[in-house]
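# What the coordinates show
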Amino acid sequence: MQKPVPALFMRGGTSRGPFFLESDLPADTAARDRVLLAVMGSPDRRQIDGLGGAHPLTSKVGIVRTGTTPGVDLEFLFAQLQPDRDTVDTTANCGNMLAAVVPFALERGVIQAQGDQTTVRVLTRNTGMLCDITVQTPLTPAGRQVSYEGEARIDGVPNTSAPITINFLDTAGSVCSGLLPTGRVLDRVRVEPPAGASFQPFDIDVTCIDNGMPLVLFRARDLGCTGQEKPAELNADTDLKARIEALRLQTGELMGLGDVSGRNYPKMTLVSAPQAGGAINTRCFIPHVCHEAIGVLAAVTVGTACVLEGSVSNALAQLPDGARKAVSIEHPSGEFTVELELDPHDAQKVVRAALLRTARLIMRGEVMVPESAWQAAGVDGEHVR
Ligand code: NQM
């Protein structure tokens, strides 16, 4: 027997996945996670039995409900699955999937359009982050509807769409204890190879930072890269990946995150001087494969690191002047501009981040889930994070 579950399949920024109303999923967390694994077809490298697209960026799920506290219109829970693992991680954010939350809520009638534009306050339950999101809701013969058509272009998505603006109200220390979880803007780390590894111990400068996403930044050249490599080239370099993973496990502890072997953060980000007129160039591992672009909150976090004197990216960055900066983060498929507003009394402090995304409703319908996945918690619940 299979159970139909209402879902909208949506692109949010440069990511994609099914969106659900919380009330359409099991209330029990272990049962919910089993359902999500069945929906996406994980664990299986090809996700052949589900909706997942065989990549972390297409193994994402959005869960939405009405706000439960005054001033909050919508609440969003993001779930990161992996193609080949049985994990459902709800501990970190995803600013790309976030872009589809308001269109989803309008499509499902959870909220009503306000005028030609609709601005909604969204709480991301993963980390308690608040933001205001504005979408286009023009009047049509069928009433006000979300518009997906427009001239806004984001690198990593081939077509143009209606703009969606996200204004983040508080992002510092999303998963970590604060913006700089080691208490320093720069750490020098000695990376010891794990048993069986083929590389030698090495020392490397890192900036560990969390302005919406825990990130470890290091110079591309310090690991023998130019920073201009294509993601496929980096993904094929098993020695590089082994060194980055060893660095990740070590810096995870340093950042107070404990054992991050089963987590999808910190994201490991190679930085180098900009080559295309931007502020900084990046290659971001999320964390085991290199992103084809860069995550939204990863971009906010990289931009923030660029502003901080003494960080590994600060010396490489070309930053515009002024307390409000458009910081262009170069990535493998183009660039991502984040607008950072600095505290007028403290040029080292980012007080607001805003950016442009697009989203699109790709499909509406019901996803079929085996009845067995709805059983209550237990049995294999301990595998689910
Ligand atoms: O950093 C990828 C993405 C993301 C996350 C990842 C994201 C963010 O591109 O806010 O958007 O880092 O796993 O969707």
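Here's a quick rundown of the structure. Here the structure is a predicted model, which means the values were calculated and not measured.

### Brief notes about the overall build of the chain
For the chain, the count of helices and strands is six helices and 19 strands. Its C-alpha atoms give the chain a radius of gyration of 20 Å, near enough to 21 Å, the size a compact globule of 385 residues would have. Structurally, the chain occupies a C-alpha span of about 55 × 50 × 35 Å along its principal axes. Classification of the 385 residues of the chain by burial places 55% in the buried group. By sequence separation, contacts in the chain at least 24 residues apart represent 64% of the contacts at least 6 residues apart.

### With respect to the layout of surface pockets
In this structure, the largest pocket spans a volume of roughly 400 Å³. What lines the largest pocket is a set of 22 residues, and nearest its centre among them are Arg 11, Gly 13, Gly 156, Val 157 and Pro 158. Of all the secondary structure elements, the ones that give two or more residues to the lining of the largest pocket are strand S2 (15-21) and strand S19 (359-370). The residue makeup of the lining of the largest pocket, split by class, is six nonpolar, eleven polar and five charged. In this structure, the lining of the largest pocket is formed jointly by two domains, domain 1 (2-163 + 359-376) and domain 2 (187-350), each of which donates at least three residues. In terms of lining residues, the second largest pocket is bounded by 13 residues, among which Pro 56, Gln 82, Pro 83, Asp 84 and Val 289 are the most central. For the lining of the second largest pocket, a count of residues per class yields six nonpolar, three polar and four charged. Domain assignment of the residues forming the lining of the second largest pocket places at least three in each of domain 1 (2-163 + 359-376) and domain 2 (187-350).

### Description of the side chain of Ser 42
You can see Ser 42 is positioned in the loop between helix H1 (29-40) and strand S3 (60-66). Engagement of the side chain of Ser 42 in a polar contact is seen with the side chain of Gln 47, the distance being 2.9 Å. When neighbours within four sequence positions are excluded, Ser 42 is seen to be in contact with Leu 37, Gln 47, Gln 82, Pro 83 and Arg 85.

### Concerning the site of the ligand
Within the structure, the ligand sits among 14 residues, and Ser 15, Gly 95, Asn 96, His 291 and Leu 297 are positioned closest to it. Asn 96 places a side-chain nitrogen or oxygen 2.7 Å from an oxygen atom of the ligand. Take Val 296: an N or O atom from its main chain is 3.1 Å from an oxygen atom of the ligand. Considered on its own, the ligand offers 340 Å² of accessible surface; in the complex 99% of this is hidden by protein. According to the grid-proximity analysis, the pocket containing the ligand is the largest cavity. The set of elements that each furnish at least two residues to the shell around the ligand consists of helix H2 (95-98) and helix H6 (296-307). Of the residues that constitute the shell around the ligand, the class distribution is seven nonpolar, five polar and two charged. The two domains that each donate at least three residues to the shell around the ligand are domain 1 (2-163 + 359-376) and domain 2 (187-350).

### Quick notes on the pairing of strand S1 (residues 2-12)
Here eleven bridges tie S1 to S19, and the two strands are oriented antiparallel to one another. Considered in S19, the bridge of Ala 7 is made with Gly 365. Pairing analysis gives five bridges linking S1 to S2, with the strands arranged antiparallel. By the bridge assignment, Arg 11 is partnered in S2 with Arg 16.

### A short note on the pattern of salt bridges
Tallied over the entire structure, the rule returns 21 salt bridges. In this structure, Arg 153 and Asp 155 form a salt bridge, with 2.7 Å as the shortest nitrogen-oxygen distance. Relative accessible area serves as the criterion here: at 53%, Arg 153 is assigned to the exposed category. By relative accessible area, Asp 155 is classed as buried at 14%. The salt bridge involving Arg 352 is made with Glu 339; its shortest N-O contact spans 2.8 Å. Remark: Glu 339 occurs in strand S17 (residues 334-343) and Arg 352 occurs in strand S18 (residues 346-357); sequence separation between them is 13 residues. The network of salt bridges with common partners includes Glu 22, Arg 65, Glu 75 and Arg 125.

### Here's the deal with unusual backbone geometry
Here Ser 42 and Pro 43 are connected by a cis peptide whose omega angle stands at 0 degrees. Tracing the chain through its elements places Pro 43 in the loop between H1 and S3. Cis geometry marks the peptide bond from Ile 286 to Pro 287, where omega comes out at -10 degrees. If you check the backbone angles, Gln 47 has positive phi at about 45 degrees while not being a glycine. As for its position among the elements, Gln 47 is in the loop between H1 and S3.

### What about the nonpolar core?
Grouped together as the largest cluster of nonpolar side chains are 92 residues, with contacts concentrated most on Leu 98, Val 122, Phe 168 and Phe 218. Of the residues forming this core, the biggest block, nine residues, is contributed by H6. The two domains that each donate at least three residues to this core are domain 1 (2-163 + 359-376) and domain 2 (187-350). The residues contacting Phe 168, other than those within four sequence positions of it, are Leu 98, Met 129, Leu 130, Cys 131, Val 296, Leu 297, Val 300, Arg 352, Ala 353 and Leu 355. By size, the runner-up hydrophobic cluster in this structure holds 18 residues, among which are Leu 25, Val 35, Met 40 and Ala 373.

Definitions and limits used
- Along each chain, residues carry numbers from 1 onward, in the same order as the chain's sequence is written.
- Predicted model: local features are reported for residues with pLDDT of at least 70 only, side-chain atom pairs are reported and counted for 80 or more only, and whole-chain, interface and lining totals are derived from all residues.
- Side-chain metrics in this entry use all non-hydrogen atoms of the structure; hydrogen atoms and water are not considered.
- In DSSP terms, a helix is any run of H or I states spanning at least four residues, a strand is any run of E spanning at least two, and both are numbered starting from the N terminus.
- For this measure, only C-alpha atoms enter the radius of gyration; the expected value for a globule follows 2.2 Å times N^0.38, where N is the number of residues.
- For every residue, the accessible area obtained with a 1.4 Å probe (protein chains only) is divided by the maximum for its type, and the residue is called buried under 20%, exposed over 50%, and partly exposed between those limits.
- Contacts are residue-level and defined by heavy atoms, with any inter-residue pair within 4.5 Å sufficient.
- Any residue with an atom within 4 Å of a point lines the site, the site being either a cavity, points on a 1 Å grid over the protein atoms alone where a 1.4 Å probe fits but cannot get out, or a pocket, an open set with protein on both sides within 12 Å along at least 5 of 7 lines.
- Grid points are joined across faces, edges and corners, and a volume is the space filled by probe spheres set on the points.
- Each residue receives one of three labels: charged for Asp, Glu, Lys and Arg, nonpolar for Ala, Val, Leu, Ile, Met, Phe, Trp, Tyr, Cys and Pro, and polar for the others, Gly being one of them.
- Each domain's extent was defined by an automatic or database domain assignment.
- Under the rule applied, a polar contact is a pair of N or O atoms within 3.5 Å (in protein, one hydrogen donor and one hydrogen acceptor; residues adjacent in sequence only if both atoms are side-chain atoms).
- Throughout this document, a residue counts as near a molecule or strand when at least one of its heavy atoms sits within 4 Å of that molecule or strand.
- Where accessible areas are quoted, they stem from the Shrake-Rupley method and a 1.4 Å probe; at the residue level, only the protein chains shown are allowed to cover.
- The way we define it, a molecule is inside a pocket or cavity when more than half of its atoms are within 2 Å of that pocket's grid points.
- In this description, strands pair whenever DSSP reports at least two bridges between them.
- Whenever Lys or Arg places a side-chain nitrogen within 4 Å of a carboxyl oxygen from Asp or Glu, that contact is recorded as a salt bridge.
- Grouping buried Ala, Val, Leu, Ile, Met, Phe, Trp, Tyr and Cys residues that are joined through side-chain atoms within 4.5 Å yields what is termed a nonpolar core.

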